[in-house]
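What the coordinates show
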Amino acid sequence: MHEIHLHNTLSGKIETFVPQKPGQVGMYTCGPTVYDYAHIGNYRTFVFQDILRRFLKLRGFQMNHVMNLTDVDDRIIANAAKAGVGIREYTEKYAQAFFDDCKTLNIESPEHWIRATDHIPEMVSLIQKLQAESYTYPSEGSIYYRITKFKDYGKLSKVDLTGIQAGARVDNDRYEKESARDFALWKAPKEGEHFWQTAIGAGRPGWHIECSAMAMKYLGETLDIHTGGIDLAFPHHENEIAQSQAATGKPFVHYWMHAEHLLVEGEKMSKSLGNFFTLRDLFAKGYKPSALRFALASVPYRRQLNFTFDGLQQATSSVERLRNFAARLKNEKFAAGSSAEMAARIKTAADDFDGGLSDDLNTAQALAAVFDLVREANIAMDKGEFRQGEVKPALAFLASFDKVFAVLDDTDAEKLKALGFGADDAGIGDAEIEKLVAERQSARARRDFAASDRIRKELSDRGIILEDTKDGNVRWKRK
Ligand SMILES: [Zn+2]
């Protein structure tokens, strides 16, 4: 196994990964703001952090992973007030959609799913600590963080602080890099909108204080890893560092990892360009969850991902190729014995796979190791050179690949059905398929080709493809 190297945004370098406690990883991921459906750009980041956690688990680390739902911010409070409902009621639908989407993309649940609105007391006490250390000042009912007092401000995002005016404030949680300013920790209540009555006054939390308070509650004052999309590095993560380190005097995070942007057909995704997609938009077009996960995972996270429909089609075929290979290993009969050459080939593939992922999660390199082996093993099978002795090690390698990539199980149809897609044609269950396949086999055995063809057509009409193998068996798969 290779030493794990990760890129740290803070140092700008690739570093050897050493967690604080051997064998354990404390990791925080900024989750979605649940005021709308998350889009595929968001899911690029969530799939990246899922690949990261799954790889660390495969390497034997015990994860303590926290992901938050930002269920309070200016947009949510304003939208809920407009709709005349409570915040929890307003966000519930989008929170549930997010959980469903994660399940559909095989994104594992972190050890802690938490909501910002359940942690107001922790935020208040963190702000009180900052008040005690004079990092804050009040203005018009709000409380601001004085960034000129924090000497490390800007080190993560390399924001240029020359010319920053002391005391220039910003109330908007999301602002441009050119305007580094004192930001609101606590915001004065607005007429007709939700607020909390607390020891620091009436109001609501700023976005940045939420993550500092929640991360430290579950993971302690210093985290091993903090992940997010690159657009969060400034101002959000910069402000998280300023808040947390000013309060504790300790480093907040050892490894900051950021996923690059996603483009759609070479352009920035935007609603006005008509290239803005949620998962559901793509499922409605007939694409499969496994293909989407594969497409999002296959480009290394620090490279910009150009999402295209051609690419999604290729991802569909790639997943199919892997599933077919797994099915060949399981179903075909190979000559007894073992081939030293193929045994060595499988070992090399496993080593290259680990080497790729250990190299700052180079998923492209890891996948190349898998597909090279699949190609060579398929050729060996076609020539009758693959031996029974290599079935087990090959399947074991595929299993460890799938612990990270999670695309081999053909559960696409049922997942889509659960989301309300493809309900009409996805109705045929595995047991019924097996029964029809067996009927067709016996029809062929008695040379009743009309019956055999009729069953093949029926299955095809219901979305099932049959493949007759050389040894007289049949494989089936969903279209
Ligand atoms: Zn955050």
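Up top is the structure.
Below is a summary of the structure that appears in this document. (Residues numbered from 1 in each chain as written. Predicted model: local features only at pLDDT ≥ 70, side-chain atom pairs only at ≥ 80, totals over all residues. Heavy atoms only, no water.)

On to the overall build of the chain. Regarding its fold elements, the chain presents 15 helices and 18 strands. Seen through its principal axes, the chain has C-alpha atoms that stretch 90 × 50 × 35 Å. Counting only contacts in the chain whose residues sit at least 6 apart along the sequence, the fraction spanning at least 24 positions is 75%. As displayed, the chain offers around 21400 Å² of accessible surface, 49% of which is attributable to carbon and sulfur atoms. (Helix = DSSP H or I, 4+ residues; strand = E, 2+ residues; numbered from the N terminus. Contact = heavy atoms within 4.5 Å. Areas by Shrake-Rupley, 256 points an atom, 1.4 Å probe, with all protein chains shown as cover.)

Our focus in this paragraph is the pattern of salt bridges. Applying the stated criterion across every chain yields a total of 40 salt bridges. Linking Lys-435 and Glu-439 is a salt bridge whose minimum nitrogen-to-oxygen distance equals 3.8 Å. One end of the pair, Lys-435, and the other, Glu-439, are both in helix H14 (residues 430–445), four residues apart, so they sit about a helical turn from each other. Using a relative accessible area of 52% as the deciding quantity, one classes Lys-435 as exposed. The salt bridge involving Asp-448 is made with Arg-446; its shortest N-O contact spans 3.5 Å. When its relative accessible area of 27% is taken as the criterion, Asp-448 is described as partly exposed. On the accessibility criterion, Arg-446 (54% relative accessible area) is exposed. A single salt-bridge network, built from bridges that share partners, covers Asp-50, Arg-53, Arg-54, Lys-57, Glu-108, Glu-111 and Arg-293. (Salt bridge = Lys/Arg side-chain N within 4 Å of Asp/Glu carboxyl O. Buried < 20%, exposed > 50% of the residue type's maximum accessible area, 1.4 Å probe, protein only.)

The buried count for helix H8 (residues 289–298) comes to ten of ten residues, which makes it a mostly enclosed element. Taken together, the buried positions of H8 are occupied by Pro-289, Ser-290, Ala-291, Leu-292, Arg-293, Phe-294, Ala-295, Leu-296, Ala-297 and Ser-298.

Okay, the pairing of strand E6 (residues 136–139) next. With four bridges connecting them, E6 and strand E7 (residues 142–145) associate as antiparallel partners. Note on E7: the bridge partner recorded for Tyr-137 is Tyr-144. Where E6 hands over to E7, the hairpin turn is made up of two residues, of which Glu-140 adopts a positive phi near 45°. (Pairing = 2+ DSSP bridges.)

The subject of this paragraph is the coordination of the zinc ion. Octahedral six-donor coordination of a metal ideally yields angles of 90 or 180 degrees, compared with 109.5 degrees for tetrahedral four-donor coordination. Looking at the metal site, the zinc ion is ligated by Cys-30 (SG), Cys-211 (SG) and His-236 (NE2), spaced 2.0 to 2.2 Å from it. Counting residues between consecutive donors of the zinc ion along the chain gives the motif C-x180-C-x24-H. Note that Cys-30 is positioned in the loop between strand E3 (24–29) and helix H1 (40–58) and Cys-211 in helix H5 (residues 207–219), a separation of 181 residues in sequence. Cys-211 shares its class with Cys-30; the two are buried. (Donors = N, O, S within 2.8 Å, 3.2 Å for Na, K, Ca; no water.)

For the rest of this paragraph, the subject is the packing of aromatic side chains. Overall, the coordinates contain 26 aromatic pairs when judged by the stated rule. Their ring planes at 70° and their centres at 4.9 Å tell us that Phe-99 and Trp-113 sit as a pair that is edge-to-face. Taken as a pair, Phe-99 in helix H3 (residues 87–104) and Trp-113 in strand E5 (residues 112–115) lie far apart in primary sequence, 14 residues in all. Taking the relative accessible area as the measure of exposure, Phe-99 reaches 22% and is therefore partly exposed. Assessed through its relative accessible area of 28%, Trp-113 is described here as partly exposed. (Phe/Tyr/Trp six-rings, centres within 6.5 Å; stacked < 30°, edge-to-face > 60°.)

Turning our eyes to something else, we now look at the sheet that holds strand E16 (residues 305–307). In a beta sheet, neighbouring strands pair by backbone hydrogen bonds and run either parallel or antiparallel. If you trace the three strands from one edge of the open sheet to the other, you get E15-E14-E16, paired in mixed fashion. At either margin of the open sheet sits one strand with a lone partner, and together these are strand E15 (267–268) and E16. Pairing analysis gives three bridges linking strand E14 (residues 262–264) to E16, with the strands arranged parallel. Bridging from a neighbouring strand, Val-264 pairs with Phe-307 of E16.

A few words now on the packing of H1 against H8. For the pair H1 and H8, the least separation of the axes is 9 Å and the interaxial angle reads 75°. Considering the angle they form, H1 stands roughly perpendicular to H8. Two secondary-structure elements touch here, H1 through Ile-40, Tyr-43, Arg-44, Val-47, Asp-50, Ile-51 and Arg-54 and H8 through Leu-292, Arg-293, Leu-296 and Ala-297. The residue makeup of the contact of H1 with H8, split by class, is seven nonpolar, no polar and four charged. (Axes fitted to C-alpha atoms, helices over the stretch in contact; angles between N-to-C directions. Parallel < 35°, antiparallel > 145°, perpendicular 65-115°, else oblique. Nonpolar A, V, L, I, M, F, W, Y, C, P; charged D, E, K, R; others polar.)

So, about the sheet that holds E5. Read across the open sheet, the five strands follow the order E5-E4-E3-E12-E13; overall the sheet is parallel. Here the strands that pair on one side only, and so sit at the sheet edges, are E5 and strand E13 (253–259). Looking at each pair of strands side by side, their axes are set apart by 20° on average, direction ignored. Pairing between strand E12 (residues 223–229) and E13: six bridges, direction parallel. Residue pairing in the sheet places Gly-228 in a bridge with His-258 of E13.

Okay, unusual backbone geometry next. Note that the residue after Phe-234, namely Pro-235, is joined by a cis bond; omega there is 0°. Within the element layout of this structure, Pro-235 appears in helix H6 (residues 233–248). In the Ramachandran plot, Asn-106 falls in the positive-phi region, its phi being about 55° despite a non-glycine side chain. For Asn-106, a relative accessible area of 25% translates into the label partly exposed. If you check the backbone angles, Glu-265 has positive phi at about 50° while not being a glycine. Inspection of the secondary structure puts Glu-265 in the loop between E14 and E15.

With that settled, the discussion passes to the environment of Ala-116. Residue placement: Ala-116 occurs in the loop between E5 and helix H4 (120–132). Owing to a relative accessible area of 0%, Ala-116 belongs among the buried residues under this scheme. Taking C-alpha positions, Ala-116 is 6.3 Å from Leu-69, a pair spaced 47 residues apart along the chain. Among all residues touching Ala-116, those that are not within four sequence positions of it are Leu-69, Thr-70, Asp-71, Val-72, Met-123, Glu-210 and Met-214.

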